[in-house]
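# Coordinate inspection notes
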Amino acid sequence: MSTTTAPQAGGPARPAVPRPFAALLGVLAVASALGAGHLVAGLVSPASSPYLAVGDTTVRLSPEWLVEFAKSTFGTADKPVLLAGMAVVLMLLAAAAGLASRRRRTPGTAMITVLGVLGFLAVGSSPAFAALDLLAPAVSLGVGTTVFRRLHALALGVDAEPDADLLRGRRSAVSRRNVLIGTSGAVGAGALAAAGVGQVLSAVTTGSRDEVTQTIARATLTERAPAIPPTAAFPELGTPTFLTANTEFYRIDTALRIPTLSAADWSLRIHGMVDNEMTLTFADLLARPLVERTVTLLCVSNEVGGDLVSTSNFIGVDLREILLEAGIAPGADQVVSTSSDRLWNAGTPTDVLLEPDRGALLAFGMNGEALPPEHGFPVRMVVPGLYGYVSATKWVTDLEVTTFDATQTYWLQRGWARRAPIKTQSRIDVPRAFGGTRAGRVTIAGIAWSQPDGIGRVEVRVDGGPWQDAELATEVSGDTWRMWRATVELAPGSHVAQVRATDANGVTQTEAKADVIPDGATGWPAIVFDAT
Ligand SMILES: Nc1nc2c(c(=O)[nH]1)N[C@H]1C(S)=C(S)[C@@H](COP(=O)(O)O)O[C@H]1N2
Ligand SMILES: [Mo]
């Protein structure tokens, strides 16, 4: 059995790689390039895999009609279909590169280099590009050209010594062929193994908190939170800082075990009374306009004077726009949001979510980093102006558009109200309750809130005397708390200070005391303290 091309008449012909081997060389070179690139990307930065980057770039550069066509034809399989299609095209190009190089390796090397450069361009043009991302395409290019050169030399050898092989009775030709087959098999297996290990590593790092934090740092926000002026808070007096540090943010949930879902595995299903059922992945969120909103969150269980209130810059996407895309059917008055562990849900009034100025969010960022696991990583809901139990679902993975009559959510089954807008409230932070202060000029300071319109006035009084206007700190937004302070003249002894807030529309918080259940505590905060 001859595996070689017969020498042509009229002079010593250049040895040529047998056709099947030629095609195989090209395929193996490109496969090892992609495998090695995927491996390095898995170690360094999953999105920098040249193969995936080319796929992402293809999607980004595709016309809208093509993307829509792919989605409607293949549904959620559109990405696997794209990647498989890319693999077929790449392997055909690779085989062509090999076949073009039966005698000289220059044409194949050139084609493989062009593919490598495409990988560089795809990685480099990614919206989330960082310099280290160039490592994977660089390794790809190096491995691809090296494998091609080495295998090509080996394959030429199969043809190069026909006469010597004849002299040695073909045994050497057969073994050369075997060496080539063995080496090819090893290279192919190595390429697959590298790709597989890269895939496993990517799954570990893709969508980790660190990765999401990096993505947030690089992201371009279409709406930025307002700057917080230093005059917005008086932490030096003893009120909270305007933004609450993530580690200080109050925490309320029923979770015994915090769900540990990576952003890569996260998806949100939007279904029920909608025109278009949707499933959004984390990548889908990142592809939307990203907004940052400063919101003060409150728990309905906050007692008058309590500390279940905190403020954060939340980064995410506008929830109203997503609901409009889903198309809410008439009659649907509730959106039920459920966490990934399915152990908790909340029902939010549809009309509130659809208010143009409400600013409801699917949030994944908190003060510039990914949500901490205990605050809902990877994605939670935030609706300014509603208590958490009817709006702020952490680890959210399911939104069902339905009616209040059809579904009773977690806390409603336990006696809490359907509708739970945050009530206008205030709190005295200094002096500390039952604490002491110096007699004479005494500063009383604290916070007040009235979402979404904001605070118009705060008054204090001491020992049942006349109400006195407090000085209001600079307002950041109606969706956040507002600090206030007042100075009073006090003789030594025990005193009672009281506060009451009035909203921007002139409505003063009620004096009537109410328990936290069913829809939030009311009453004027009061503290007792000593002046000495
Ligand atoms: N999955 C889930 N989400 C949840 C809860 C919960 O128990 N489980 N508690 C809610 C309540 S009652 C409040 S007040 C807020 C608190 O959010 P935080 O812990 O980030 O402050 O989350 C809401 N989201
Ligand atoms: Mo809550």
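Residues numbered from 1 in each chain as written. Chains lettered and ligands numbered in written order. Predicted model: local features only at pLDDT ≥ 70, side-chain atom pairs only at ≥ 80, totals over all residues. Heavy atoms only, no water.

Tallied over the full model, the rule gives 19 salt bridges. A salt bridge links Arg-342 to Asp-398; its shortest N-O distance comes to 3.3 Å. Here Arg-342 is found in the loop between β6 (334-339) and β7 (345-349), whereas its partner Asp-398 is found in strand β11 (residues 396-402), with 56 residues between them in sequence. Looking at Asp-398, the relative accessible area reads 6%, which means it is buried. Across the salt bridge formed by Asp-519 and Lys-423, the nearest N and O atoms sit 2.9 Å from each other. Of this pair, Asp-519 sits in the loop between β19 (493-503) and β20 (526-531) while Lys-423 sits in the loop between β11 and β12 (425-430), and the two are 96 residues apart along the sequence. Here Asp-519 falls in the partly exposed class, since its relative accessible area comes to 27%. (Salt bridge = Lys/Arg side-chain N within 4 Å of Asp/Glu carboxyl O. Helix = DSSP H or I, 4+ residues; strand = E, 2+ residues; numbered from the N terminus. Buried < 20%, exposed > 50% of the residue type's maximum accessible area, 1.4 Å probe, protein only.)

Taken together, the neighbourhood of ligand 1 is formed by 18 residues, with Tyr-250, Thr-254, His-375, Arg-380 and Lys-394 sitting nearest. In the environment of ligand 1, an oxygen atom lies 2.6 Å from a nitrogen or oxygen atom belonging to the side chain of His-375. In the model, an oxygen atom of ligand 1 is placed 2.5 Å from a nitrogen or oxygen of the Lys-394 side chain. Notes on ligand 1: free accessible area 530 Å², of which the protein chains cover 98%. For the shell around ligand 1, the per-class residue count stands at nine nonpolar, five polar and four charged. (Near = heavy atom within 4 Å. Polar contact = N/O pair within 3.5 Å; in protein donor to acceptor, adjacent residues only side chain to side chain. Areas by Shrake-Rupley, 256 points an atom, 1.4 Å probe, with all protein chains shown as cover. Nonpolar A, V, L, I, M, F, W, Y, C, P; charged D, E, K, R; others polar.)

Counting buried residues along β12, six of its six residues qualify, which places the element largely inside the surrounding structure. Pairing geometry for β12 and strand β14 (residues 440-449), over five bridges, is antiparallel. Across the sheet, Gln-425 pairs through a bridge with Trp-449, a residue of β14. (Pairing = 2+ DSSP bridges.)

Let us now look at the sheet that holds β14. An order of β12-β14-β18-β17 is seen for the four strands of this open sheet, with the pairing classed as antiparallel. Edge positions in the sheet fall to β12 and β17 (471-472), since each of these pairs with one other strand and no more. Sheet analysis places β17 next to strand β18 (residues 482-490), joined by two bridges and oriented antiparallel. Each bridged residue has a counterpart across the sheet, and for Leu-472 the counterpart in β18 is Trp-484.

Turning our eyes to something else, we now look at the layout of surface pockets. In this structure, the second largest pocket occupies an estimated 430 Å³ of space. What lines the second largest pocket is a set of 25 residues, among which Val-54, Leu-90, Leu-115, Leu-118 and Gly-119 lie closest to the centre. Within the residue set of the lining of the second largest pocket, elements represented by two or more residues are α1 (19-44), α2 (50-61), α4 (78-99), α5 (106-124) and α6 (135-160). Among the elements that line the lining of the second largest pocket, the one with the most residues is α5, at seven residues. Looking at the lining of the second largest pocket residue by residue, the class counts come to 18 nonpolar, seven polar and no charged. (1 Å grid on protein atoms, 1.4 Å probe; cavity = no way out; pocket = protein on both sides within 12 Å on 5 of 7 lines; lining within 4 Å. Points joined across faces, edges and corners; volume = space filled by probe spheres on them.)

This part takes up α2. With twelve residues, α2 should reach 16 Å at 1.5 Å per residue; the first-to-last C-alpha distance of 16 Å fits that figure. The set of residues buried in α2 consists of Pro-50, Tyr-51, Ala-53, Gly-55 and Thr-57. (Expected span 1.5 Å × (residues − 1).)

Turning our attention to the packing of aromatic side chains. Under the counting rule described, the total for this entry stands at nine aromatic pairs. Seen in terms of ring centroids, Phe-282 and Phe-364 are 5.3 Å apart; in terms of plane orientation they differ by 65 degrees. Their pairing is edge-to-face. One end of the pair, Phe-282, is in helix α10 (residues 282-286); the other, Phe-364, is in strand β8 (residues 361-366), and 82 residues separate them in sequence. Aromatic side chains Trp-344 and Tyr-410 sit 6.4 Å apart centroid to centroid with 45 degrees between the ring planes, which places their arrangement in the tilted category. Of this pair, Trp-344 sits in the loop between β6 and β7 while Tyr-410 sits in the loop between β11 and β12; the two residues are 66 residues apart in sequence, bridging distant segments of the chain. By the burial criterion, Trp-344 is buried, and Tyr-410 matches it. By the ring-pair criterion, three or more aromatic residues cluster together here, those being Trp-344, Tyr-389, Tyr-410, Trp-411 and Trp-416. Directly above the aromatic system of Tyr-410 lies the positively charged group of Arg-414, at a separation of 3.7 Å from the ring centroid. (Phe/Tyr/Trp six-rings, centres within 6.5 Å; stacked < 30°, edge-to-face > 60°. Lys NZ or Arg CZ within 6 Å of the ring centre and 35° of its normal.)

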